[in-house]
Amino acid sequence: SFRSVPAFEIYSTILPLPLSRMEVEHMEKDQLIPGNILFSDHSSLYTTDGNNITVVHDFSADGSLYEFVQTEKFELITVDSYDSCLRLFNRLKDRIINKFAGDCKKAGYRDGTEALFNWPQSVIQDNQTPCLLYLTDFFNAAVRMVTNSRTPYVTTLVKSYLKRYTGITQDQSGQYLYITHDVRLECFDLLRNTSIDILSSDTMFTNSAAIYDHDIGYLSSIILHEGLIIITDRNQLVVIYASMATYSASLVCTGVAGHLSGNSSFCQLNQPVSLLEMDDDIYIGERGVISIFRGN
């Protein structure tokens, strides 16, 4: 069952955003500007040093921008959920180079060189084989792999009729993908092509989840940090720390909407969506702010 973790504390709300309703959908270390955070909302890409925010590009004229992955210092693969495709963006040229994968004009489900997606959400680059990307495909209830070549090729790794996959990350060894879907966390073994549930709010899909609690709201972003699995719960307004060593999960913050600094028993978050580890600190992208966790 869940318990609080007093050692963790919201150090401060480091960055009030220009629009109070802006949601920080995704964050990464800015590869082009060291020390900066590169982040997206639903329409634009920004970079910040913690004091000032610069708009890198407004994607609203071309579609949407939910998440992205920096494949090179100047190039990003962006996720357009509305148009159900991936695009290649070059920061030096400040423009979308081309459609990368998917149709961008229609949604659907198809593998191969003329692949179709239906509301893609999160994309990551394989940390062992950089030419491979992994993508969660929400309304297709699937996890897809994109081989980055002259003509990108899409393969389905996981397909379900009920699971709506959202966030995704990879362990340091490269063998496992950790994937959130609705109120569950799944671990997929790339070598054995098998998966197990780690965290679940019910037993609808499996009776063998390592950790179970009915209070989970809606899991989205996920990172791995020093043996812990860290996940945002955007509906319950908390961050979950799960440990496979002790088969337990812990909640950070009160579950009351707000922006309040303090330890894990008193801090408040407002729709936490995204996570980033940088310089041993955990950054949380919320509605209206980026906050920072520091602790043991």
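Residues numbered from 1 in each chain as written. Predicted model: local features only at pLDDT ≥ 70, side-chain atom pairs only at ≥ 80, totals over all residues. Heavy atoms only, no water.

Visitor: I'm lost on the overall build of the protein chain in this one. Help?
Guide: Looking only at helices and strands, one finds zero helices and 27 strands in the protein chain. Its C-alpha radius of gyration of 18 Å places the protein chain within 12% of the 19 Å reference for a compact globule of 296 residues. Per-residue burial over the protein chain gives 57% buried out of 296 residues. Sequence separation of at least 24 residues holds for 43% of the intrachain contacts in the protein chain that already meet a minimum separation of 6. Counting every atom, the protein chain has about 12,900 Å² of accessible surface; 48% of that belongs to carbon and sulfur. Here the protein chain contributes 22 positive and 35 negative side-chain charges, whose respective centroids are spaced 7 Å apart. (Helix = DSSP H or I, 4+ residues; strand = E, 2+ residues; numbered from the N terminus. Rg over C-alpha atoms; globule rule 2.2 N^0.38 Å. Buried < 20%, exposed > 50% of the residue type's maximum accessible area, 1.4 Å probe, protein only. Contact = heavy atoms within 4.5 Å. Areas by Shrake-Rupley, 256 points an atom, 1.4 Å probe, with all protein chains shown as cover. Lys, Arg positive; Asp, Glu negative; His and termini not counted. Charge placed at Lys NZ, Arg CZ, Asp CG, Glu CD.)

Visitor: Would you take a moment to explain the side chain of Ser84 for this structure?
Guide: Along the polypeptide, Ser84 turns up in the loop between strand E8 (75-80) and strand E9 (85-90). Apart from residues no more than four positions distant in its own chain, Ser84 is found in contact with Gly102, Asp103, Cys104, Lys106, Ala107, Phe117, Asn118, Trp119 and Pro120.

Visitor: Would you explain the state of the cysteines in this entry?
Guide: By definition, a disulfide links the sulfur atoms of two cysteines through a covalent bond. Going through the model one piece at a time under the given rule, you end up with two disulfides. Bridging Cys85 to Cys104, the disulfide has an S-S length of 2.0 Å. Between Cys85 and Cys104 the disulfide shows an S-S torsion of about 95°. By sign, it is right-handed. One end of the pair, Cys85, is in strand E9; the other, Cys104, is in the loop between strand E10 (95-102) and strand E11 (120-125), and 19 residues separate them in sequence. The exposure class of Cys85 is buried, given its relative accessible area of 0%. Note on Cys104: relative accessible area 16%, which makes it buried. Paired through a disulfide, Cys253 and Cys267 show a sulfur-sulfur distance of 1.9 Å. In this structure the cystine formed by Cys253 and Cys267 twists about its S-S bond by roughly -110°; its chirality is therefore left-handed. Taken together, the positions of Cys253 in the loop between strand E23 (248-252) and strand E24 (262-263) and Cys267 in the loop between E24 and strand E25 (274-278) put the pair 14 residues apart, joining distant regions of the chain. Its relative accessible area of 7% is what places Cys253 among the buried residues. Sequence-ordered numbering of the disulfide-bonded cysteines in the protein chain gives the connectivity 1-2, 3-4. (Disulfide = S-S within 2.5 Å.)

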